Amino acid sequence: MIDLKNIFKYYNHKSQREYILKDINLSIKEGEFVSIMGPSGAGKSTLLNIIGLLDGFNEGEYRFFDTEVATLKEKKKVDYHRNHIGFIFQAYHLIDEMTVAENIETSLVYKGIKRKERQAIVADLLDRFNIVGKKDLFPAQLSGGQQQLVGIARAIASKPNLLLADEPTGNLHSSQGKMIMEVLKELNDEGTTIIQVTHNNVFANYGKRIINLLDGRIEKAE
Amino acid sequence: MITQYIKIAWRNLWRNKLSSSINIVGLAVGLGTGILAMLYSYNEMNYERCHNNANQLAKVITYGNFGAFRQLPTTFPQAAFDLPEQFPEIKNAVRVKRISNNQVVVFRGTEPILENNFLLTEANFFEMFTYTFSEGRYTGEANTIILSQSMASKYFGTQNPIGEVLKIEIFGNIFHLKLEAIYKDLPNNTLVNSPAIMSWSVAKTLFKERRGYSDTGFDVYCQMLPNYDIKKLNTKIVADYKPSTQLDDFHIALMPIKDFHLKSTFENNSANLYLLFIGGLIALLIAIFNYINQSTIQYSMRTQEVGIRLSNGGGRKDIFMQFMVDTFLTTSLAFGLSLMIISTVLPYFNQLLDTDISLNAGLSPKLIVIALFGLTVLLSGFYPAVVMSKVKASLLLKSMISPNLRKSRMRNVLTTVQFVFAILLLQIMIVSQRQGEYMFNSDVCGFNADNVIAINGYKWGDLNKIKTELLRNTSVEAVSWGQNMPAMHTNMTRSWNGPNNQRMANIFKCEPDFLNVFNIEIDKGRFYRRDNVADRSDGVVVNQLLVNALAWDDPIGKSLRVWGQKREVIGVVSNYMAAPPIFEETPLIIMPAGNQSQNLMILVNPNNLKDAHQHIELVLKQANPNYPINLMYYNEIADELAKTFISTATIVNAFVIVIIFNAFLSLFGLSHFIVERSKKQIGVKKVMGASVINVYWELSKSFVIRFVVAFAIITPLSYLFSVQYLSTFSRQLPLTADIFIQSGCMVLVMIALATGYKIIRTALENPVKALRYE
Ligand SMILES: Nc1ncnc2c1ncn2[C@@H]1O[C@H](COP(=O)(O)OP(=O)(O)OP(=O)(O)O)[C@@H](O)[C@H]1O
Ligand SMILES: [Mg+2]
């Protein structure tokens, strides 16, 4: 489902060219759970951005569901974001001015799903993550773990096939982190493809495959 | 989706109360100014729309050489007979006389009340102009009158007044007029607006010349056949119609009444219109600029939200829409506030400009208001929304996003432009205000009219007796009477320097003590005196300009032929400002007036005003109990006469204040934001030992630099502009550097005030708090 071939990404700094990703070759099949590890500044987030169609690349070839990304229209990308890709962030990135329920239904609103149906989906998710009581609270009123649960609920509300998580447990206590990882594992068991970035060895092992990124290169693929 | 946008926009508004209120207040003031200006323009451009036949109506105007003027808005009465007879396109014409200058006295019971602008017309007037009668029936029979509704209720309250008789005095004639009908008040934007219309029989008593060519003080209106061609008709009239008068270069033409208000040269209405139209638009545009400036800053805090939305499937269009909704909400609130502002300001505005503008007068004004609202939403929202819809989603995944104030060229330019406007407007305002004061400073204009009361001089019999009576009270310091008051009136004549003279001189009549009332200097010789009969029958007083014009070395005793009579110069007065400032300085001739004249002028002691008023009223009441006493100070009359000038100046000042207020708001918002963003930095710097002054300078430096740039750009331009402006006056204010420095200081103070409070408060805060807070 994801096929990266000889991907390069660089920024031009005045006259100098700084490579962030160098010759990335990676393919990920549906149903996989991949962990990406590596030191800070290695390019993990950048790679995830490219996979998630949020950022472009300079050289190479990227096929997503058998379509060439370089030629993808803006409209099609928006469609992928609505229906096929979900994001989870280290800093949760909930919208402060929206309640828990409103945050969760963000992508459903963009998809144009009717209110009744949206409410049903949101109720299911709240129930699943045991946060029914928090429905009308604002993000600032939740604990970090709870916020991340909302983040996950929002990411999977539109039932994406691909879930991208950038250090989802980075800001959490290890017990809360563990809970989040269990949720991800469960989702993977249900068939969702997951790619996560993590600095934690224990959590990395939830993945069935670990990729090490060092200075923009894939170090060893197991 | 839209409801969700509104909900979020509302929460954002509520959370950033300070910046939201800055945006709302700024836009409200801008919108209010814009809406008022547009409503005014609409009112001005729709003159005479209240008459069904307006397209076929025209007023006769007269061209010729009338001293200072080349055109008159009135004409001779014969035109009303000749024109329909000679030109088949003209199917109807009517003579109208307007009695202005408070010359009508109406008696409510025994109480005399001064009234203005009564009309005298013939019956066919109502075939041409549209009046709606609410009571009674108009016939135009001899000695009848009709009143507007507001006038009827002033004199008769709620009772049915039809058939009642009103006692009216005009020019010393008493009329008893029967009230025939009552008409609905006309809007202000028509030439024939009047509180009362009297039948033509009254004109027969008042005016000897109701035909012929010699009195050019009549309003003559013509009604043409539909689809006439005004240019062709006027060409024919000028070519074929020769009024039989001695004056050459004398002719008449028609001006469509719909054009009269704006296109005639008799008032500066179109200048006012342009000024308000352009000023209102600029004020609105500046408010919109500000909004754009402020909201792009605020939105830069929301790039993260945009990233989240994009990664959740939001399209660019959705983001654009969301931020447009945001602006829509802010603008709606501003709109509501602006409507409140307008309804508060409207009464003053209407009074100032002599209009009766209202927000709910028909469909078109409402459409204008709504269109302005829509336009404001679009113009203010578009740029920020586009900027936001272009935010890169990838920014989001960087683990630390701090939306910082990116250096924006757009914002720099906007701020500098605002400074430029503020400085320019202030400088113009200071120059015009100082010129106004300078001109009427007694050292410059040569007279002092403070504490001079003026009153109609014809109603009290022999004024010599009145003068003696008035001076019995010590609170009255000097009394005189005459035709003209300084800087207020003028009569021009050529008849003073031989038969072939082309040069105009200003001439008027007055009596002894005129110079004392106005504190005017006499340079040589003597002025008229009560006891010197010979001077008054054969002498004449002139000013220095006349002496220069005739190149006399020793003017006293020289002879001068005035109005065909030889007189001997007895005195020379200073070149005080005898005519209004719009006239060139001309030679002046002062003649004796006799027992009565237009204006009775009384200089009173300012420490004893109450006494003086009481005494004057007592004396005048005794002289004539049947005339209302209306004490007006020279300065009040001058303000009334200069009303259009003053209203123009007031409007300019209002625009300046609105624009500067907006600049102030935006600076306030900008500095607030900058300080909020740099709280941590300020904390760190203070820990490193920076003083409050250091911090203040660092944060406000960029504003000061932009101010200096703006000042350097605009001051030379505004200097040139001021020179141009001043060159239209005969007594010019010397342009000194302090005018420009003063305006600069004012803007600097504004900058310091707008930026200072927040910066200093933050700089004084305990740095540890700011650091912990982060
Ligand atoms: N817009 C940009 N311009 C220039 N350089 C950039 C830009 N964005 C990222 N970089 C650089 O790319 C490199 C990789 O960044 P990236 O965020 O992918 O690292 P990371 O592996 O996710 O690190 P971390 O573990 O700290 O999150 C960094 O050296 C960063 O400085
Ligand atoms: Mg990262």
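Residues numbered from 1 in each chain as written. Chains lettered and ligands numbered in written order. Predicted model: local features only at pLDDT ≥ 70, side-chain atom pairs only at ≥ 80, totals over all residues.

### Quick word on the overall build of chain A
Within chain A, the secondary structure is distributed over eight helices and ten strands. Compactness check: chain A gives a C-alpha radius of gyration of 18 Å against a globular reference of 17 Å for 222 residues, within 12% of the reference. A total of 222 residues make up chain A; the buried ones form 45% of that total. Put simply, of all contacts in chain A between residues at least 6 apart along the chain, 72% involve residues at least 24 apart. (Helix = DSSP H or I, 4+ residues; strand = E, 2+ residues; numbered from the N terminus. Rg over C-alpha atoms; globule rule 2.2 N^0.38 Å. Buried ≥ 20, exposed ≤ 12 C-beta atoms within 10 Å, placed from the backbone. Contact = placed C-beta atoms within 7 Å.)

### Regarding the overall build of chain B
Each helix and strand counted, chain B has 25 helices and 24 strands in total. With respect to the principal axes defined by its C-alpha atoms, chain B has extents near 100 × 65 × 55 Å. Counting only residues that meet the buried cut, chain B has 38% of its 774 residues in that class.

### What to know about the site of ligand 1
Every one of the twelve residues lining ligand 1 counts as a neighbour, but Tyr11, Ser40, Lys44, Ser45 and Thr46 of chain A are closest to it. Each of chains A and B places residues next to ligand 1. Tallying contributions element by element places helix H1 (residues 44-51) of chain A first for the shell around ligand 1, with three residues. Residues that form the shell around ligand 1 fall into these classes: three nonpolar, seven polar and two charged. (Near = placed C-beta within 6 Å. Nonpolar A, V, L, I, M, F, W, Y, C, P; charged D, E, K, R; others polar.)

### Topic: the interface of chain B and chain A
Each partner contributes to the interface: chain B provides 23 residues, whereas chain A provides 24 residues. Broken down by secondary-structure element, the contributors of at least two residues to the side of chain B that touches chain A are helix H1 (2-15) and helix H10 (303-311) of chain B. Ranked by residues supplied to the side of chain B that touches chain A, first place goes to H10 of chain B with six residues. The residue makeup of the side of chain B that touches chain A, split by class, is seven nonpolar, ten polar and six charged.

### Describing the domain arrangement of chain B
In terms of domain boundaries, chain B breaks down into domain 1 (94-212), domain 2 (427-442 + 642-774) and domain 3 (460-626). Using only C-alpha atoms to locate each centre, domain 1 of chain B and domain 3 of chain B end up separated by 36 Å. (Domains from an automatic or database assignment.)

### Regarding the sheet that holds strand E4 (residues 59-64) of chain A
Residue and element names in this part refer to chain A. Read across the sheet, four strands follow the order E2-E1-E4-E5 without closing on themselves; strand pairing throughout is antiparallel. Where the open sheet ends on each side, the last strands, each with one partner, are strand E2 (16-28) and strand E5 (67-68). Relative to E5, E4 runs antiparallel, the two being bridged by two bridges. Bridge assignment links arginine 63 to a residue of E5, and that residue is glutamate 68. (Pairing = 2+ DSSP bridges.)

### What about the nonpolar core?
One broad trend across soluble globular proteins is that nonpolar side chains are buried collectively. Of all hydrophobic cores here, the largest spans 135 residues; its most connected members are Leu164 of chain A together with Leu31, Ala287, Ala422, Ile423 and Ile659 of chain B. Apart from the residues within four sequence positions on either side, isoleucine 659 of chain B is in contact with Ala283, Ile286, Phe421, Ala422 and Leu425 of chain B. Listed in part, the 58 residues of the second largest apolar core include Trp481, Val542, Ile570 and Ala638 of chain B. (Core = buried A, V, L, I, M, F, W, Y, C linked by C-beta atoms within 7 Å.)

### With respect to the packing of helix H13 (residues 409-439) of chain B against helix H24 (residues 737-764) of chain B
All names here are of chain B. Two elements in contact, H13 and H24, have axes separated by 9 Å at closest approach and are oriented at 135°. Considered as vectors, H13 and H24 are oriented oblique to each other. By crossing handedness, the relation of H13 to H24 is classed as right-handed. Between H13 and H24, the contacting residues are Phe419, Ala422, Ile423, Leu426, Gln427, Ile430, Val431 and Arg434 on the first element and Ile739, Phe740, Gln742, Ser743, Gly744, Met746 and Val747 on the second. (Axes fitted to C-alpha atoms, helices over the stretch in contact; angles between N-to-C directions. Parallel < 35°, antiparallel > 145°, perpendicular 65-115°, else oblique. Left-handed = near helix turned anticlockwise from the far one by under 90°.)

### Details of the confidence of the model for chain B
With 95% of its residues at a pLDDT of 70 or more, chain B has an overall mean of 86. Taken over the whole predicted complex, pTM reads 0.78, whereas the ipTM for its chain interfaces reads 0.82. (pLDDT = per-residue confidence, 0-100.)

### Brief notes about the environment of isoleucine 24 of chain A
All names here are of chain A. Position of isoleucine 24 among the secondary structure elements: in strand E2. Distance from isoleucine 24 to lysine 111, taken between C-alpha atoms, is 33 Å for residues 87 residues apart in sequence. Look past the residues within four positions of isoleucine 24 in its chain and what remains in contact with it is Leu4, Ile7, Leu47 and Ile218.

### Looking at unusual backbone geometry
As a rule of thumb, non-glycine residues mostly have phi less than zero, and peptide bonds are mostly trans rather than cis. Residues and elements named next belong to chain A. One non-glycine residue, asparagine 130, lies in positive phi territory at about 60°. Here asparagine 130 lies in the loop between helix H5 (115-128) and helix H6 (144-156). Classification of asparagine 130 by C-beta neighbours within 10 Å gives exposed; the count is 10. Its identity as a non-glycine residue notwithstanding, aspartate 215 has a phi of 50°, on the positive side. Locating aspartate 215 in the fold gives a position in the loop between strand E9 (209-214) and strand E10 (217-221). On the neighbour-count criterion, aspartate 215 (14 C-beta atoms within 10 Å) is partly exposed.

### Brief notes about helix H11 (residues 316-353) of chain B
Residue and element names in this part refer to chain B. Given a rise of 1.5 Å per residue, 38 residues ought to cover 56 Å, yet the end C-alpha atoms of H11 are separated by just 48 Å, more than 12% below that figure. When the local axis directions of H11 are compared, the greatest deviation, roughly 45°, occurs at valine 345, which is followed within four positions by the proline proline 347. Downstream of H11 by one or two residues, aspartate 354 has phi in the positive range, about 60°. (Expected span 1.5 Å × (residues − 1). Bend = angle between axes of the 7 residues up to and from the residue.)

### A short note on the environment of histidine 489 of chain B
Residue and element names in this part refer to chain B. Mapped onto the elements of the fold, histidine 489 is located in the loop between strand E15 (476-482) and strand E16 (492-493). A count of 17 C-beta atoms within 10 Å places histidine 489 in the partly exposed class. Through-space distance from the C-alpha of histidine 489 to that of leucine 641 is 10.0 Å; in sequence the pair is 152 residues apart.

### Some remarks on helix H2 (residues 74-83) of chain A
Three or four residues apart is the spacing at which side chains of an α-helix point the same way, because the helix has 3.6 residues per turn. When H2 of chain A is considered as a whole, its buried residues turn out to be Lys77, Tyr80 and His81 of chain A. Along H2 of chain A, the residues classed as buried sweep out an arc of 100° about the axis, all on the same side. Close packing links the buried residues of H2 of chain A with strand E6 (85-89) of chain A together with H10 of chain B. (Arc of directions from axis to C-beta.)

### Regarding the pairing of strand E3 (residues 33-37) of chain A
Residues and elements named next belong to chain A. Burial analysis of E3 places five of its five residues in the buried class, the great majority of the element. What you see with E3 is no split at all: Phe33, Ser35 and Met37 on one side and Val34 and Ile36 on the other are buried throughout. Pairing of E3 with strand E8 (residues 193-197), which is carried by four bridges, proceeds in the parallel orientation. Directly across from serine 35, in E8, lies its bridge partner glutamine 196. Here E3 runs beside E9; their pairing, made up of four bridges, is parallel. Among the inter-strand pairings, methionine 37 is bridged to a residue of E9, identified as asparagine 212.

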